Amino acid sequence: MKKIITVLLIICCLAATVTLSACDKGTEKISNYDIYASYDEETGVLTGTAKLDYYNNTDNELSALKFNLYGNAFREGAKIKPVSDTYKNRAYYSGDSFGKMEVSNVENCSGWDICGEDENILAVNLLTPIYPEDTVTVTISYTLTLAKVNHRTGITLHTVNFGNFYPALCYYSKEGFVECPYYYCGDPFVSECANYSVTLDFPQEYIAATSGKMSSETSADGRKKCSYSLANARDFAFVLSKEFKVVSAEADGVAVNYYYFNDANAQTGLNAATESLKFFNTTFGKYIYPTLSVVQTGFCYGGMEYPGLTMIADSLDSDNTIYTIVHENAHQWWYAMVGSDQINNAWQDEGLAEYSTLMFFESTPAYGFTRKGIVSSATNYYRAFFNVFSQLNGTIDTTMTRHLGEYKSELEYNNIAYNKGLILFDMLRGAVGDNDFNAALKKYYQNNLCKTASPENLIASFTGGPNVEGIFNSFLDGNILI
C-alpha cells in the first residue's frame, strides 16, 4: 500500500498522538477457492458462497480451520477501528457508515463459531481430522454489507471496492493459524497462495476490473455473470464501476488494463504500468499472472495492491498517480509473488517495493524522479518526523520489526516501513554494489516465489557482501542514526 503524507500533517498528527495517547509454486498441490458472489446495488450487499478445497501442506494433523473475516472490521461497534481519526473524513465521505460480514452456514463441518480479538475469525471444526497432504472441502455461505467508505472494501462515489470480500483462510505458521485483526496502520495481511475460480453476478451497467483472467461472460435480465481464474495467488479482488473507461496494452505477454473515470493523463498512467512491469520482469523475475488491472478508485490512502490488481486513489495529482502506479506494481513482486509477514515485518514488502520504485524511476528519467531526490525526500521526512516526535514524547522507538498494533500513528508506521525501509536498501546497495544488489534480489525472488519469506530469507539472499547482516541488524534493531 502507498500512503501520501505532508510535513504539516506530520506535526499535526504528532500533536494529536500526545493528546489522545493514541504457494509454493513448486508444490504439486495447493488449496483451491471456488467463489460465487452476487452484488445487489440497491442494498449494497454481496451474497456469496466460498468453497475451499483445503490441502494440508503443514506437518500437523488439523482438527479445525480458521478464516479471516476482514469485512467485519467495518461493523458498528468494532473494537479496532479500520480507519484512524486522521483519515476518517477522507474515508467516510458522507459521514459515519458501517458494514459487516455475516456467515449464515458452513457445510461439511461439526460446528463453527465467530471468534477472534474483534469478531474477525471464523473457526470451523472439521468432521474428522485432516492429516498432512490430505484435502478437505468446506463451503461457507455469507453476506458482505458494504459501508460507504473510500477503503479496500466499500462503496465510493464512483466505484465499489471488493478487496478482502470473502472469508480468507488464515496463514498457518509454526505457532498455528495466524489471526489478522484489521489494524488501520499498514496492511494487516499474511496469506498463502491458492488457486481461484471466481464467478461474479452484478448489474449489467457495471464494468468489472478484477485480479483474474475472464473465462466466460453471460447476460440476462439486466445482469452479468462473469467467471475468472487466477492461479498461485494470495488474494482475489475486484472493483465495479458504471463510469470506467479503459486503456489497454501488452507488456511481455501480459494484458495490462488501466481502468479510470477521471484521469486526463490515462495513457501516461498505462505507460508507467507497462514500462515498470517490463523493468521488474527483467530486474527481479517474471510476472506470473496473465493480466494486470490498474484501477482508479476511491481510496483514502494512495493505493493498494492485490495479486493482478492495484487500486490507485482518485484524489492523487498526476505525479503521485504515476508514482503510486509504479509502487503498487512493485508489490506484485514483493507481496503477491514473494510474500512476507506484513503484520510483524511491514518493512520487508513496503521498503522493498518503495526501493524498487526508485530503481524504476532511476532507469527511466523521463518521469522526472531521481534516485537522489527520492532518497533525500525519504531521509528528510524521516528526520522531520522523529525530531518532532522526540521533542513531544522525549523518547523514540525506531525499531523496524514490530507488530502493526504497536505503532502509535500512521505517520510513525510510514516513516519506519516506507522511508527507513528505502534508506536501508539504498545503504545496502551502496555497500555491496549494483551488480551484487540486483543479483541478490533476483535470488530472493527465485528462492521464495509463491512462498511466504522471512526476514532471514531476505538477508540470506545478500550473503557474501561486506557486513550485510550488520547493516540489516543496525536498521531493524533501531541502532543506526539517520
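Residues numbered from 1 in each chain as written. Predicted model: local features only at pLDDT ≥ 70, side-chain atom pairs only at ≥ 80, totals over all residues. Heavy atoms only, no water.

J.: Explain the sheet that holds strand 6 (residues 121-130) here, please?
T.: Taken together, four strands build an open sheet; the order of strands is 5-6-3-10 and the sheet is antiparallel. Two strands close off the open sheet at either side, each with one partner strand: strand 5 (111-115) and strand 10 (168-169). Alignment of strand 5 against strand 6, held across five bridges, turns out to be antiparallel. The residue of strand 6 that forms the bridge with Cys-115 is Ile-121. (Pairing = 2+ DSSP bridges. Helix = DSSP H or I, 4+ residues; strand = E, 2+ residues; numbered from the N terminus.)

J.: Hey, could you run me through the sheet that holds strand 9 (residues 160-162) in this one?
T.: Strands pair in a sheet through their backbones, by hydrogen bonds, and they do so in one of two ways: parallel or antiparallel. The strand order across the open sheet formed by four strands is 8-9-17-14, and the pairing between neighbours is antiparallel. In this open sheet, the two strands that pair with only one neighbour each are strand 8 (153-155) and strand 14 (207-210). Geometrically, the sheet is characterised by an average inter-axis angle of 15° between neighbouring strands, direction not taken into account. When strand 8 meets strand 9, the two strands line up antiparallel, connected through three bridges. If you follow Gly-154 over to strand 9, its bridge partner there is Asn-161. (Axes fitted to C-alpha atoms, helices over the stretch in contact; angles between N-to-C directions.)

J.: Just to check I follow, could you spell out the pairing of strand 22 (residues 309-313) for this structure?
T.: Walk down a regular strand and you will see the side chains alternate between the two sheet faces. For strand 22, the buried fraction is high: five of the five residues fall into the buried class. Bridging between strand 20 (residues 291-297) and strand 22 involves five bridges; their strand directions are parallel. Bridging from a neighbouring strand, Ser-293 pairs with Leu-309 of strand 22. The pairing of strand 21 (residues 303-306) with strand 22 spans four bridges and is classified as antiparallel. Within the sheet, the bridge partner assigned to Tyr-306 lies in strand 22 and is Leu-309. Linking strand 21 to strand 22, which pair antiparallel, is a turn of two residues; within it Gly-308 sits at a positive phi near 75°. (Buried < 20%, exposed > 50% of the residue type's maximum accessible area, 1.4 Å probe, protein only.)

J.: When you look at helix 4 (residues 318-330) in this model, what are you seeing that I'm missing?
T.: The first and last C-alpha atoms of helix 4 sit 19 Å apart over 13 residues, in line with the 18 Å expected at 1.5 Å per residue. Every buried residue of helix 4 is listed here: Thr-321, Ile-322, Tyr-323, Thr-324, Ile-325, Val-326, His-327, Glu-328, Asn-329 and Ala-330. For helix 4, the N-terminal capping position is held by Asp-317, with its side-chain oxygen 3.4 Å away from the main-chain nitrogen of Asp-319. (Expected span 1.5 Å × (residues − 1). Polar contact = N/O pair within 3.5 Å; in protein donor to acceptor, adjacent residues only side chain to side chain.)

J.: It is not clear to me how the nonpolar core should be interpreted in this structure. Could you clarify?
T.: Soluble globular proteins tend to pack their nonpolar side chains together in the buried interior. Counting residues in hydrophobic clusters, the biggest one holds 166 residues, and the most contacted among them are Tyr-39, Phe-162, Phe-165, Tyr-196 and Phe-472. If you tally residues by element for this core, the top one is helix 7 (residues 410-432), at 11 residues. Beyond its immediate stretch of four places on either side in the chain, Phe-162 contacts Tyr-39, Leu-46, Leu-144, Leu-146, Arg-152, Phe-236, Ala-237, Phe-238 and Leu-240. (Core = buried A, V, L, I, M, F, W, Y, C linked by side-chain atoms within 4.5 Å. Contact = heavy atoms within 4.5 Å.)

J.: Looking at this structure, how should I read unusual backbone geometry?
T.: Apart from glycine, the bulk of residues carry a negative phi angle, and the bulk of peptide bonds sit in the trans form. Positive phi outside glycine occurs at Asn-232, with the angle close to 55°. Among the secondary structure elements, Asn-232 is positioned in strand 16 (residues 223-233). Note on Asn-232: relative accessible area 13%, which makes it buried. Backbone geometry places Tyr-335, a non-glycine residue, at a positive phi of 155°. Topologically, Tyr-335 is positioned in the loop between helix 4 and strand 23 (339-340). Residue class for Tyr-335 comes out buried when judged on its relative accessible area of 4%.

J.: Whenever I open this one, the packing of helix 7 against helix 10 (residues 468-476) confuses me. Can you help?
T.: Relative orientation and spacing of two packed helices are given, respectively, by the angle between their axes and the distance between those axes. Running from N to C, helix 7 and helix 10 cross one another at 160°; their axes reach a closest spacing of 10 Å. The pairing of helix 7 with helix 10 is recorded here as roughly antiparallel in orientation. Between helix 7 and helix 10 lies a crossing whose hand is right-handed. Contacts between helix 7 and helix 10 involve Lys-420, Ile-423, Leu-424, Phe-425, Met-427, Leu-428, Ala-431 and Val-432 on the former and, on the latter, Val-468, Ile-471, Phe-472 and Phe-475. (Parallel < 35°, antiparallel > 145°, perpendicular 65-115°, else oblique. Left-handed = near helix turned anticlockwise from the far one by under 90°.)

J.: Looking at this structure, how should I read the pattern of salt bridges?
T.: Pairing of side chains with opposite charge becomes possible as their charged atoms draw close. Within this structure, the stated rule accounts for 16 salt bridges. Here Asp-118 and Arg-75 are joined by a salt bridge, their closest N and O atoms 2.9 Å apart. Of this pair, Asp-118 sits in the loop between strand 5 and strand 6 while Arg-75 sits in the loop between strand 3 (62-68) and helix 2 (88-91), placing them 43 residues apart in sequence. A salt bridge links Asp-426 to Arg-371; the shortest N-O distance between them is 2.9 Å. Taken together, the residues span a long stretch of sequence, with Asp-426 in helix 7 and Arg-371 in helix 6 (residues 371-393) at a distance of 55 residues. (Salt bridge = Lys/Arg side-chain N within 4 Å of Asp/Glu carboxyl O.)

J.: Sorry if this is basic, but what is going on with the state of the cysteines here?
T.: In a disulfide, the sulfur atoms of two cysteines are held together by a covalent bond. Going through the model one piece at a time under the given rule, you end up with zero disulfides. Sulfur of Cys-300: no disulfide; nearest cysteine sulfur belongs to Cys-185 and is 12 Å away. (Disulfide = S-S within 2.5 Å.)

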